[in-house]
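Observations on chain architecture
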Amino acid sequence: MQKRRIGDTEVSAVGLGGMPMSVEGRPDRARSIETIHAALDAGVTFIDTADAYSLDDSDFGHNEELIAEALKGRSEEVFVATKGGHTREPGGSWGRDGRPEYLRRAVDGSLRRLGVDQIFLYQFHRPDPKVPIAESVAVLGELLDNGKIRYAGVSNFNPEEISQANEILGGRLASVQNQFSPSFRSSEPELELCDKLGIAFLPWSPFGGIGKAGKLAGPFKEVGDERGVSAHQVCLAWMLAKSEVVVPIPGASRPASITDSAAATHVELTAEELTRLDG
């Protein structure tokens, strides 16, 4: 497994996104835990979760609790990132809350559910239009200073917001988690900024989103067929080739899926193949 860096810490070049194991359509708990264990066995040392990964408000924190259960006895093998700032409503709708007082409570809840004294990477999940970004991000600085989190990140931020967040944190912004996939490339400017600043870029939904992963086609399937690997491995290898700061976090709910994704770090694409895929 290749390694990449988040802050000063080496993590696996491909991580595991926990969302599919907790939202609508999720598998049973036993298969989810088996999936997490398969990720560790494949060399994955980075798992991304969020307090809002759940069916609705009734099981808020489901994914964090699931990951904590799966990592019992193996927690030293992996670094866990989580997020706060999204809420869940009755019926499964999503809300936002970027108020400092909410985020302070949210991080305490995540610490409790994960069963840790310090969160490896804590990310502000999504800007709240009702709250100035500066107020929300300032809380991340507090959490760094008081030791509740090791690294701070943001998610779903544009380049201007990323620069603002990094300035507020005094250059301590460690990661940006934005949507990026073959079918969603509008986060290229954010990726390029992260590359320039040396900030880890964590593409979410790298295959296009839940329910769409099986539809990777075109040049990704063609290159995969030529090499005898999956289009998903080609997709992740393409992302990894874009910059040393890229750490994709494909979601998975089956052991076979994350095992296949982890193997993408062994795929070295040629310049010609990269040109085809970029097209």
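Residues numbered from 1 in each chain as written. Predicted model: local features only at pLDDT ≥ 70, side-chain atom pairs only at ≥ 80, totals over all residues. Heavy atoms only, no water.

**Remarks on the overall build of the protein**
Within the protein, the secondary structure is distributed over ten helices and eleven strands. Relative to its length of 279 residues, the protein is compact, with a C-alpha radius of gyration of 18 Å against a globular reference of 19 Å. A buried classification covers 56% of the 279 residues belonging to the protein. Here the analysis covers contacts within the protein between residues at least 6 apart in sequence; of these, 74% occur between residues at least 24 apart. Per element, the accessible surface of the protein, about 11700 Å² overall, is 48% carbon and sulfur. Charged side chains in the protein number 30 positive and 41 negative. The centres of these two groups are separated by 2 Å. (Helix = DSSP H or I, 4+ residues; strand = E, 2+ residues; numbered from the N terminus. Rg over C-alpha atoms; globule rule 2.2 N^0.38 Å. Buried < 20%, exposed > 50% of the residue type's maximum accessible area, 1.4 Å probe, protein only. Contact = heavy atoms within 4.5 Å. Areas by Shrake-Rupley, 256 points an atom, 1.4 Å probe, with all protein chains shown as cover. Lys, Arg positive; Asp, Glu negative; His and termini not counted. Charge placed at Lys NZ, Arg CZ, Asp CG, Glu CD.)

**Comments concerning the packing of aromatic side chains**
What the rule picks out here adds up to seven aromatic pairs. Where Phe79 meets Phe120, the ring centres are 4.8 Å apart and the plane angle is 40 degrees; that geometry is what we call tilted. With Phe79 in strand S5 (residues 79-84) and Phe120 in strand S8 (residues 119-124), this pair connects stretches of sequence that are 41 residues apart. Taking the relative accessible area as the measure of exposure, Phe120 reaches 7% and is therefore buried. When the centroid spacing of 6.3 Å and the interplanar angle of 80 degrees are considered together, the rings of Phe180 and Phe201 count as edge-to-face. With Phe180 in the loop between strand S10 (173-179) and helix H6 (188-197) and Phe201 in strand S11 (residues 200-204), the pair connects residues that are 21 residues apart, well separated along the chain. Residue Phe180 shares its accessibility class with Phe201, and that shared class is buried. Clustering of aromatic rings is evident, with ring pairs tying together Phe46, Phe79, Phe120 and Tyr151. (Phe/Tyr/Trp six-rings, centres within 6.5 Å; stacked < 30°, edge-to-face > 60°.)

**Looking at the packing of helix H5 (residues 159-168) against H6**
Helix-helix packing is characterised by the crossing angle of the two axes and by the distance between the axes. Between H5 and H6, whose axes approach to 9 Å, the crossing angle comes to 30 degrees. The angle between the axes of H5 and H6 places the two elements in the roughly parallel class. The segment H5 lies against H6, with Pro159, Ile162, Ser163 and Asn166 engaging Pro189, Glu190, Leu193 and Leu197. Partitioning the contact of H5 with H6 into residue classes produces five nonpolar, two polar and one charged. (Axes fitted to C-alpha atoms, helices over the stretch in contact; angles between N-to-C directions. Parallel < 35°, antiparallel > 145°, perpendicular 65-115°, else oblique. Nonpolar A, V, L, I, M, F, W, Y, C, P; charged D, E, K, R; others polar.)

**Details of the pattern of salt bridges**
Taken as a whole and assessed by the stated rule, the structure comprises 20 salt bridges. As a salt-bridge pair, Arg4 and Glu244 come within 3.3 Å of each other at their nearest N and O atoms. Separated by 240 residues along the polypeptide, Arg4 in strand S1 (residues 3-6) and Glu244 in the loop between helix H8 (231-242) and helix H9 (255-262) bring together distant segments of the chain. In this structure Arg4 comes out as buried when scored by relative accessible area, which is 5%. One salt bridge in this structure joins Asp48 and Lys83, with 2.7 Å as the shortest N-O distance. With Asp48 in strand S4 (residues 46-48) and Lys83 in strand S5, the pair connects residues that are 35 residues apart, well separated along the chain. The same class applies to Asp48 and to Lys83, which are both buried. One continuous salt-bridge network, built from bridges that share partners, spans Glu222, Glu226, Glu272 and Arg276. (Salt bridge = Lys/Arg side-chain N within 4 Å of Asp/Glu carboxyl O.)

**Thoughts on the state of the cysteines**
Applying the stated criterion across every chain, the model contains zero disulfides. Free of any disulfide, Cys194 has its nearest cysteine sulfur in Cys235, 18 Å distant. (Disulfide = S-S within 2.5 Å.)

**Brief notes about the side chain of Glu273**
Tracing the backbone through its elements, the reader meets Glu273 in helix H10 (residues 271-278). Discounting chain neighbours no more than four positions away, the residues touching Glu273 are Val223, Arg227 and Glu268.

**With respect to helix H3 (residues 100-114)**
Given 3.6 residues per turn, any residue in an α-helix points the same way as the ones three and four places further on. Between the first and last C-alpha of H3 there are 21 Å, a value that for 15 residues agrees with the 21 Å anticipated at 1.5 Å per step. The complete set of buried residues in H3 reads Pro100, Tyr102, Leu103, Ala106, Val107, Gly109, Ser110, Leu111, Arg113 and Leu114. On its buried face, H3 sits against helix H2 (62-70), S5, strand S6 (86-88), S8, helix H4 (133-145) and strand S9 (149-155). Note on H3: the residue one or two positions beyond its end, Gly115, has a positive phi of about 70 degrees. (Expected span 1.5 Å × (residues − 1).)

**What to know about the nonpolar core**
Leu16 and Ile36 are the most contacted members of the largest nonpolar core, which totals 68 residues. Among the elements that take part in this core, H8 stands out by supplying eight residues, more than any other. When residues no more than four places from it in sequence are discounted, the contact partners of Leu16 are Met21, Ile36, Ala39, Val44, Phe46, Ile47, Asp48, Pro250, Ala252 and Ile258. (Core = buried A, V, L, I, M, F, W, Y, C linked by side-chain atoms within 4.5 Å.)

**Digging into unusual backbone geometry**
Although it is not a glycine, Asn156 sits at a positive phi angle of roughly 65 degrees. One can find Asn156 in the loop between S9 and H5. For Ser205, which is not a glycine, the phi torsion comes out positive at approximately 50 degrees. Locating Ser205 in the fold gives a position in the loop between S11 and helix H7 (219-227).

Purely geometric stuff here, so don't read any function into it on its own.
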